[in-house]
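Descriptive analysis of the structure
Here are the chains, one letter per residue:
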Amino acid sequence: RNEIPHSCGELCGKKRSGMDCPHPCNILCHPGPCPPCPAFVTKACECGKTSQSVRCGHLGAIRCSSICDSLLNCGKHTCAVLCHAGKCQPCSVIVQQVCYCGTSSREVPCGTDKEHYDGTGYFSCHKPCGSKLNCGKHECIQECHP
């Protein structure tokens, strides 16, 4: 029998310090810190699409080779970045938006002012509206509006 100095000969059983490890130390009672956990656990990658078997207490990020594909802030396009942590970047697709009165347009990143869309336009060009009033004879003279 191999005797360990300062050991009672029983299993250690202590919680491993500094690790997110639920497994107690499984070696004989010993002096000093416990060695790393020998168990393997399944952890999901950053995007959650795949999982891998890694050593318990593994602190590094796990990334797969899949494209994120989450819906972006615009609600139309999806994230084309490989597996990543956190929120996706705002949509960078450039789209053309028309003003409320339809006389002006602008190029902006997709999703810009989407909350202001009224079914015909996204923004005010500050020119006179020009839409026919209900009477059918006169034009609206207010600034471009929804």
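To keep things clear, this report deals only with the structure shown in the data block. (Residues numbered from 1 in each chain as written. Predicted model: local features only at pLDDT ≥ 70, side-chain atom pairs only at ≥ 80, totals over all residues. Heavy atoms only, no water.)

**Digging into the overall build of the chain**
Each helix and strand counted, the chain has zero helices and four strands in total. Listing the helices and strands of the chain from first to last along the sequence gives β-β-β-β. The C-alpha atoms of the chain give a radius of gyration of 31 Å, which is well past the 15 Å a tight globule of 146 residues would have. For the chain, the C-alpha atoms occupy an extent of roughly 105 × 25 × 20 Å along the three principal directions. Here the chain, with 146 residues, has 23% of them falling under the buried criterion. Sequence-distant contacts in the chain: of pairs separated by 6 or more residues, those separated by 24 or more amount to 18%. Here the chain has roughly 10,200 Å² of accessible surface; of this, 54% comes from carbon and sulfur atoms. Taken together, the 15 basic and 11 acidic charged side chains of the chain have centroids lying 5 Å from each other. (Helix = DSSP H or I, 4+ residues; strand = E, 2+ residues; numbered from the N terminus. Rg over C-alpha atoms; globule rule 2.2 N^0.38 Å. Buried < 20%, exposed > 50% of the residue type's maximum accessible area, 1.4 Å probe, protein only. Contact = heavy atoms within 4.5 Å. Areas by Shrake-Rupley, 256 points an atom, 1.4 Å probe, with all protein chains shown as cover. Lys, Arg positive; Asp, Glu negative; His and termini not counted. Charge placed at Lys NZ, Arg CZ, Asp CG, Glu CD.)

**What about the pattern of salt bridges?**
Scanning the model with the defined rule gives one salt bridge in all. A salt bridge links Arg-106 to Asp-113; its shortest N-O distance comes to 2.5 Å. According to the relative accessible area criterion, Arg-106 is partly exposed, its value standing at 23%. (Salt bridge = Lys/Arg side-chain N within 4 Å of Asp/Glu carboxyl O.)

**Section: the nonpolar core**
Membership of the largest hydrophobic core is limited to seven residues, which are Cys-99, Tyr-100, Cys-101, Tyr-122, Phe-123, Cys-125 and Cys-144. With residues up to four places along the chain from it excluded, the contact list for Cys-99 reads Ser-104, Thr-120, Gly-121, Tyr-122, Phe-123, Cys-125 and Cys-144. Judged by nonpolar contacts, the second largest core, of six residues, contains Cys-74, Cys-79, Cys-91 and Cys-110. (Core = buried A, V, L, I, M, F, W, Y, C linked by side-chain atoms within 4.5 Å.)

**A word on the environment of Pro-33**
Following the sequence through the fold, Pro-33 ends up in the segment before β1 (40-44). By relative accessible area, Pro-33 is classed as exposed at 71%. When the C-alpha atoms of Pro-33 and Ser-17 are compared, they prove to be 7.9 Å apart, with 16 residues separating the residues in sequence.

**Quick word on unusual backbone geometry**
In this structure, Asp-69 is a non-glycine residue whose phi angle is positive, near 65 degrees. The class of Asp-69 is partly exposed, set by a relative accessible area of 46%. Look at Asp-113: it is not a glycine, yet its phi comes out positive at around 55 degrees. When you line up the elements, Asp-113 lands in the segment after β4 (105-109). On the basis of relative accessibility, which here comes to 23%, the residue Asp-113 falls in the partly exposed class.

**Observations concerning the environment of Cys-140**
Here Cys-140 shows up in the segment after β4. Put simply, Cys-140 and Pro-109 are 31 residues apart on the chain and 30 Å apart in space, counted from C-alpha to C-alpha. Beyond its immediate chain neighbours, meaning those up to four positions away, Cys-140 contacts Cys-129, Gly-130, Ser-131, Leu-133 and His-145.

**Quick look at the environment of Cys-47**
Among the secondary structure elements, Cys-47 is positioned in the loop between β1 and β2 (51-55). The spatial distance from the C-alpha of Cys-47 to the C-alpha of Cys-64 is 8.0 Å, given a sequence separation of 17 residues. Setting aside residues no more than four positions away along its own chain, Cys-47 makes contact with Cys-64, Cys-83 and His-84.

No statement about biological role is implied by the geometric values presented.
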